[in-house]
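In case you want the letters, here they are:
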There are 2 protein chains.
Amino acid sequence: MPKSMPLPDELVFLPLGGSGEIGMNFNAYGFGPPNNRQWIIVDCGVLFGREGSSPGVDLIMPDIRFLAEQRENVLGIVATHAHEDHIGAIAHLWPSLRCPVYATPFTARLIMGKLDEAGLTSKLKVREVPVGGKLTLGPFSMDFISITHSILEPNLLAIRTPLGVVAHTGDWKIDPDPMVGEATDTAALEVLGDEGVLALVCDSTNALVPGSSGSEAKVRESLTALIGTLKGRVAVTGFASNVARLDTVARAAKVHGRRVALVGRSMQKMVAAARETGYLKDMPPVLDEAEVADLPAHKVLYLCTGSQGEPRAALARIAAGNHPNVSLSKGDSVIFSSRVIPGNEIAIAEIQNKLAANGIALLTAEDHFVHVSGHPCRDELAQMYRWIRPKLAVPVHGEMRHQVAHAALARELQVPQAIVPQNGQMFRLAPGRPELIDEVPSGRIHMDGRVLVAEGEGLAKDRRAMAFAGLLVVSLVVDNKGRIAAEPVVLGEGMPEAVEEAVLKAVEDTLAKNKRSDPDDLAENVRRAARRAAHDAWGKKPMTRVLVTEL
Amino acid sequence: MPKSMPLPDELVFLPLGGSGEIGMNFNAYGFGPPNNRQWIIVDCGVLFGREGSSPGVDLIMPDIRFLAEQRENVLGIVATHAHEDHIGAIAHLWPSLRCPVYATPFTARLIMGKLDEAGLTSKLKVREVPVGGKLTLGPFSMDFISITHSILEPNLLAIRTPLGVVAHTGDWKIDPDPMVGEATDTAALEVLGDEGVLALVCDSTNALVPGSSGSEAKVRESLTALIGTLKGRVAVTGFASNVARLDTVARAAKVHGRRVALVGRSMQKMVAAARETGYLKDMPPVLDEAEVADLPAHKVLYLCTGSQGEPRAALARIAAGNHPNVSLSKGDSVIFSSRVIPGNEIAIAEIQNKLAANGIALLTAEDHFVHVSGHPCRDELAQMYRWIRPKLAVPVHGEMRHQVAHAALARELQVPQAIVPQNGQMFRLAPGRPELIDEVPSGRIHMDGRVLVAEGEGLAKDRRAMAFAGLLVVSLVVDNKGRIAAEPVVLGEGMPEAVEEAVLKAVEDTLAKNKRSDPDDLAENVRRAARRAAHDAWGKKPMTRVLVTEL
């Protein structure tokens with residue numbers, strides 16, 4: 001090819017988070033020749049750390065250095081909806097991108113709240129796209145098509161480019177009656193399908209679940225009836241971001257003569273954001289938790305945070321009996337109007353056990369119809385493929401088993417091709433047949449305390465090793481000729497005292513035998529002897545460090 | 001009361017494990033006057049440690065010091081059946097009790113295996129009680145009544161004393177067709193009920209689950225049909241102790257012309273124990289994993305350990321592609337013929353994701369009928385109460401929410417009284433109305449490496465704190481006048497390097513300001529300054545230790 005001939009334009013898809021994991025959604029679309037692509041980012045979310053696998057890590061975010069290094073080519077971040085796994089990383093990663101951020105009003109309001117907490121509002125104002133609106137960024141022209149999910153204002157993005165259209169679903173379900181906010185704009189989806197879609201990039205969460213997720217309207221009927229059967233105080237816990245559910249509970253309370261108090265900061269935050277953006281106009285008034293304290297038990301309903309067993313949320317404190325304004329006791333009831341997010345089973349059970357021990361009735365999705373999922377089950381996925389009729393299925397937002405099942409379903413539905421991307425894999429969507437063309441650096445960044453640390457640096461891994469077998473520290477003092485100048489000191493943190501004693505003896509023996517070693521060799525010999533002695537005494541090999549002080 | 005008048009005999013129940021937790025079953029029954037009780041122990045099991053809450057702890061056992069201190073009064077340990085949560089602590093706790101141990105043959109065989117591993121067989125031989133047999137220990141005369149569960153030889157103990165009869169269920173379900181071993185001896189249970197029972201001490205695991213647990217015979221039908229639909233290699237994973245299930249799988253394999261290989265030590269151990277005690281005589285022959293390697297894929301079925309995601313078990317190694325003799329690939333299938341034990345969701349999902357990524361089909365209890373629970377659901381509990389008709393219900397073996405629901409069910413079934421015991425609570429069952437009469441020391445002992453450590457000593461808790469925020473160590477050297485004699489050394493393990501640097505600076509500043517302090521004050525000032533500096537730099541407060549070496 002002669003030098004003057006420009007390379008042809010391509011449309012590429014690059015997930016940096018959200019493939020192989022539920023959370024941390026981060027998808028990039030690139031357009032242009034390979035040496036000069038322009039990018040848009042769809043969603044920028046977090047994953048929550050787990051004590052077992054990433055102890056001491058609050059949030060996990062994608063490693064986006066590939067885009068950060070060419071941030072002048074990043075046209076913007078577009079948020080499909082306001083869940084943490086879609087917007088939670090914006091405030092943390094934006095400083096390395098410094099591009100505009102776009103969202104519909106409710107989502108924008110919540111992102112602004114996060115920017116405010118991060119002290120970024122002077123640098124970044126989220127640009128609002130109206131519900132059902134359009135946005136053009138360089139070669140990308142996007143329609144925001146209203147769908148339904150478990151939060152207000154979820155959007156499917158119809159991303160038009162000179163090389164074809166991609167439908168990016170974000171999170172969705174088909175709820176004919178979502179109670180608050182728009183219903184799915186099925187007409188727009190059908191028109192989009194008629195137009196011809198290259199690829200459907202789609203939520204895989206419930207790809208293993210047959211049937212349909214069910215409607216919020218049915219939950220409203222069921223919860224209203226259920227609350228009518230209860231005596232005593234009622235507490236309902238669920239996801240604060242499920243604004244329709246909050247409305248449902250408030251209305252059910254009103255039907256049965258109960259006043260509603262919001263308990264927990266995120267409940268208050270979500271209701272405020274919804275009201276400020278024009279929703280919940282008919283929701284019965286909600287009170288402060290202290291305002292209902294003097295009402296008779298059967299007049300009270302608490303809407304509480306903490307359905308996932310979060311230790312600092314309202315419900316955990318109520319269950320432990322140390323909430324300042326809310327106390328439940330024998331004869332009261334707690335409704336878990338939520339599902340159990342995998343990994344939270346034990347934390348939730350601990351709270352339920354405390355409540356049960358105090359004679360408080362538990363009503364959960366296991367035994368009552370009090371929740372519907374916000375993600376598409378198999379019948380809903382099939383309906384979406386019927387609407388969109390893409391040439392390519394790209395299952396994202398799921399664990400690998402969900403994505404693989406989703407791809408198999410798409411093939412059954414006669415989608416010509418399905419690919420299961422992994423984070424960091426760049427696929428050319430057009431021109432030509434979809435193809436993996438590159439792998440870029442990807443991975444995870446930990447919010448560790450207040451510091452962002454690459455997972456690969458191993459801090460959480462080191463701490464996990466300490467959680468297993470403690471840390472053994474030997475302190476040696478040497479004089480300026482490298483000779484031991486004081487008794488060694490041993491610290492065995494997280495191990496039985498007898499181990500510390502055995503190690504001290506082994507260190508002393510090693511020092512006695514190594515009087516002429518150079519300090520580095522000596523330290524290494526001491527480290528090995530100490531670790532071996534710990535293993536002999538305990539059966540575990542602790543991480544072992546030798547500190548040498550030179551006089 | 002005149003001195004010469006002896007105190008009256010009492011029958012008491014004392015759980016030291018298994019109440020408020022599923023696992024670690026340990027129940028004691030005492031008979032005699034309060035100042036001279038004789039004891040029997042029913043079951044002596046473990047709970048498995050969890051990385052999040054008890055990192056580095058393999059096994060958790062009850063604190064039995066109350067009985068160990070009067071071990072001359074402990075007549076024996078009686079095992080109801082061979083699950084780890086009923087026998088797993090015997091080899092570890094027996095040295096502090098040194099009493100005889102009794103069990104039916106299959107259970108005895110497995111306990112002996114554990115004693116062998118612990119080097120105890122020269123000191124202790126388990127005494128066999130025949131299936132359906134009797135055992136008398138002092139004032140306790142026990143009938144072993146055959147019931148059904150998910151293991152061979154589960155027994156309900158009818159414990160007769162001069163003050164009345166207690167029925168202790170152990171773990172059970174009502175399986176009319178358990179496939180291997182005895183069916184429930186319903187005649188004996190009805191006769192026992194006619195005789196009059198003081199208390200039913202009963203399994204609560206499934207007290208929240210409506211209906212019945214289902215029969216192994218139905219699983220056999222379903223699994224046989226399912227395996228017939230599969231091409232390629234098939235691996236079935238499940239609980240090795242579920243001998244009937246192993247037999248089911250082996251027979252299903254034979255029907256479809258597959259040879260069965262056992263993969264994983266505990267599979268081999270269980271089959272050997274069952275055969276040595278007279279079971280599985282008609283089970284199709286099982287091969288070694290290497291023996292089937294050369295057979296065509298559709299002729300092979302692997303029975304594997306690792307259904308709970310255990311990282312060192314067969315399935316985890318197969319999924320990771322590093323099992324020496326077994327490899328699965330695209331077109332092969334793995335059947336999870338088991339339930340997910342709460343807390344194992346993530347570990348299991350990780351294995352399933354690896355398998356799915358390699359194109360291996362997953363079939364689980366979520367989508368196919370491949371498992372039944374071994375514990376009684378509500379209809380089965382109701383049936384047991386109809387048979388036994390106790391005066392008192394004592395729900396054990398469950399989390400608090402299960403025990404509370406079980407007690408409520410018992411009251412609905414017109415049982416005159418129900419108590420939910422907590423570990424360490426001593427209840428008088430007779431004479432008179434059941435009553436809480438004492439609380440004795442109780443708690444948990446950790447098997448930490450090879451060492452038994454009381455949970456209260458805090459080793460696992462300290463390590464958990466290190467997992468969250470690392471360990472900061474400052475090493476100071478002082479001369480014989482208490483003056484700083486060398487540059488301080490700082491080690492920040494599990495924290496960003498910048499934290500270590502900030503701490504070093506803070507330590508140097510503190511030393512400069514505290515030249516005249518005594519060494520203890522100085523160390524404490526340094527500790528505080530170091531911790532504060534870490535918090536300022538990082539947002540977390542690490543555990544902080546100062547080591548002082550005196551010259």
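Everything numeric here is computed off the predicted structure, so don't read it as measured data. (Residues numbered from 1 in each chain as written. Chains lettered and ligands numbered in written order. Predicted model: local features only at pLDDT ≥ 70, side-chain atom pairs only at ≥ 80, totals over all residues.)

**Quick look at the overall build of chain A**
1) Next: Along the backbone of chain A there are 15 helices and 28 strands.
2) Next: With the C-alpha coordinates of chain A rotated into their principal frame, the extents come out at 85 × 85 × 50 Å.
3) Next: Relative to its 551 residues, chain A shows a buried fraction of 55%.
4) Next: Within chain A, contacts between residues separated by at least 24 positions form 71% of all contacts whose residues are at least 6 apart in sequence. (Helix = DSSP H or I, 4+ residues; strand = E, 2+ residues; numbered from the N terminus. Buried ≥ 20, exposed ≤ 12 C-beta atoms within 10 Å, placed from the backbone. Contact = placed C-beta atoms within 7 Å.)

**Some details on the interface of chain B and chain A**
1) Next: Each partner contributes residues to the interface: chain B has 56 residues there, and chain A has 55 residues.
2) Next: Mapped onto the side of chain B that touches chain A, the elements with two or more residues apiece are helix H10 (345-357), helix H12 (400-412), strand S25 (451-454), helix H13 (459-469), strand S26 (471-478), strand S27 (489-493) and strand S28 (543-550) of chain B.
3) Next: Among the elements that line the side of chain B that touches chain A, the one with the most residues is H13 of chain B, at eight residues.
4) Next: Residue classes in the side of chain B that touches chain A are distributed as 30 nonpolar, 12 polar and 14 charged. (Nonpolar A, V, L, I, M, F, W, Y, C, P; charged D, E, K, R; others polar.)

**Considerations on the pairing of strand S18 (residues 333-336) of chain A**
All names here are of chain A.
1) Next: Here S18 shows a buried face lined by Ser333 and Ile335 and a second buried face lined by Val334 and Phe336.
2) Next: Pairing between strand S14 (residues 234-237) and S18: four bridges, direction parallel. Bridging from a neighbouring strand, Thr237 pairs with Phe336 of S18.
3) Next: Bridge analysis of S18 against strand S19 (residues 361-363) gives three bridges, and the strand direction is parallel. Residue pairing for S19: Ser333 is matched across the bridge by Ala361. (Pairing = 2+ DSSP bridges.)

**Here's the deal with the sheet that holds strand S24 (residues 444-448) of chain A**
Backbone hydrogen bonds are what pair the strands of a sheet, in a parallel or an antiparallel way.
Residue and element names in this part refer to chain A.
1) Next: Ordered in space as S4-S5-S24-S25, the four strands form an open sheet in which the pairing is antiparallel. One side of each edge strand has no neighbouring strand; the edge strands of this open sheet are strand S4 (47-48) and strand S25 (451-454).
2) Next: Direction of pairing for strand S5 (residues 57-62) relative to S24: antiparallel, over a ladder of five bridges. When the sheet's bridge partners are listed, Pro62 is paired in S24 with Arg444.

**Notes on the sheet that holds S27 of chain B**
Residue and element names in this part refer to chain B.
1) Next: Taken together, the three strands give an open sheet; going across it, the order is S27-S26-S28, and neighbouring strands pair in mixed fashion. The sheet is open, and its two edges are formed by S27 and S28, each paired on a single side. The average angle at which neighbouring strand axes cross in this sheet is 15°, direction not considered. (Axes fitted to C-alpha atoms, helices over the stretch in contact; angles between N-to-C directions.)

**Details of the relation of the copies chain B and chain A**
1) Next: Each copy of the sequence occupies a distinct position, and chain B is placed on chain A by a rotation of 180° and an axial shift of 0.0 Å, giving an RMSD of 0.0 Å. Put plainly, the chains are arranged around a two-fold axis. Within chain B, the C-alpha atom positioned nearest to the axis of rotation is that of Gly52 of chain B, 2.3 Å from it.
2) Next: Of the interface residues in chain B, 98% have counterparts in chain A that sit at the interface too, so the contact is made through matching surfaces. (Least-squares fit on C-alpha atoms with pLDDT ≥ 70 in both.)

**A few points about the packing of helix H14 (residues 497-513) of chain A against helix H15 (residues 519-538) of chain A**
Residues and elements named next belong to chain A.
1) Next: Put simply, H14 and H15 touch, their axes get as near as 8 Å, and they point 145° apart. Between H14 and H15 lies a crossing whose hand is right-handed. Residues Ala498, Val499, Ala502, Val503, Ala506, Val507 and Thr510 of H14 lie in contact with H15, whose contacting residues are Asn525, Val526, Ala529, Ala530, Ala533, Ala534, Asp536, Ala537 and Trp538.
2) Next: A per-class count over the contact of H14 with H15 returns 13 nonpolar, two polar and one charged. (Left-handed = near helix turned anticlockwise from the far one by under 90°.)

**A word on the domain arrangement of chain A**
1) Next: For chain A, the assigned domains are domain 1 (10-211 + 373-457), domain 2 (216-363) and domain 3 (470-550).
2) Next: Domain 2 of chain A and domain 3 of chain A are separated by 55 Å when their C-alpha centres are compared. (Domains from an automatic or database assignment.)

**Some words on the nonpolar core**
1) Next: With 369 residues, the main nonpolar core has Ile111 and Leu303 of chain A together with Ile111 and Leu303 of chain B as its most contacted residues.
2) Next: Not counting chain neighbours up to four residues away, the residues in contact with Ile111 of chain A comprise Ala79, Ile87, Ile90, Val101, Ala103 and Val126 of chain A. (Core = buried A, V, L, I, M, F, W, Y, C linked by C-beta atoms within 7 Å.)

**Regarding H13 of chain B**
1) Next: For H13 of chain B, a buried count of eight out of 11 residues is recorded, marking the element as mostly surrounded by other parts of the structure.
2) Next: Buried within H13 of chain B are the following residues: Leu459, Ala460, Arg463, Arg464, Ala465, Met466, Ala467 and Ala469 of chain B.

**Quick word on the environment of Ser333 of chain A**
1) Next: In this structure, Ser333 of chain A sits in strand S18.
2) Next: For Ser333 of chain A, the residues in contact, after removing those within four places along its chain, are Leu230, Gly232, Val234, Ile360, Ala361 and Leu363 of chain A.

**Some remarks on unusual backbone geometry**
1) Next: With an omega dihedral of 0°, the bond running from Ala430 of chain A to Pro431 of chain A counts as a cis peptide bond.
2) Next: Note on placement: Pro431 of chain A falls in the loop between strand S22 (425-430) and strand S23 (435-439).
3) Next: A positive phi angle is found at Gln414 of chain A, which is not glycine, with a value near 75°.
4) Next: Relative to the elements of secondary structure, Gln414 of chain A occurs in the loop between helix H12 (400-412) and strand S21 (417-418).
5) Next: In this structure Gln414 of chain A comes out as exposed when scored by C-beta crowding, with 8 C-beta atoms within 10 Å.
6) Next: If you check the backbone angles, Leu280 of chain B has positive phi at about 60° while not being a glycine.

**Describing the environment of Ala103 of chain B**
Residues and elements named next belong to chain B.
1) Next: Here Ala103 lies in strand S7 (residues 101-103).
2) Next: Between the C-alpha atoms of Ala103 and Ala244, which are 141 residues apart in sequence, the distance is 20 Å.
3) Next: Excluding residues within four positions of it along the chain, Ala103 makes contact with Ala79, Ala108, Ile111, Val126, Glu128 and Val129.

**So, helix H11 (residues 378-388) of chain B**
Residues and elements named next belong to chain B.
1) Next: Taken together, the buried positions of H11 are Glu380, Leu381, Met384, Tyr385, Trp387 and Ile388. Projected down its long axis, H11 carries its buried residues within an arc of 160°, all on one side.
2) Next: Buried-residue contacts for H11 involve strand S12 (164-168), helix H5 (186-195), strand S13 (199-203) and H12.
3) Next: A positive backbone phi angle near 45° is found at Arg389, which sits one or two residues after H11. (Arc of directions from axis to C-beta.)

**Thoughts on the pairing of S27 of chain B**
Residues and elements named next belong to chain B.
1) Next: With four of five residues buried, S27 is to be regarded as a mostly interior element.
2) Next: Two strands pair when backbone bridges link them, and S26 and S27 are joined in this way by five bridges, in the antiparallel orientation. Among the inter-strand pairings, Ser475 is bridged to a residue of S27, identified as Val489.

**Some thoughts on the confidence of the model for chain A**
1) Next: Looking at chain A as a whole, the pLDDT averages 96, with 99% of positions reaching at least 70.
2) Next: Scored as a whole, the predicted complex attains pTM 0.94, and scored at its interfaces, ipTM 0.93. (pLDDT = per-residue confidence, 0-100.)

**A few points about the environment of Asn36 of chain A**
Residue and element names in this part refer to chain A.
1) Next: Locating Asn36 in the fold gives a position in the loop between strand S2 (26-32) and strand S3 (38-44).
2) Next: Asn36 sits in the partly exposed class, given 13 other C-beta atoms within 10 Å.
3) Next: As for Asn36 and Arg265, which are separated by 229 residues in sequence, their C-alpha atoms are 45 Å apart.

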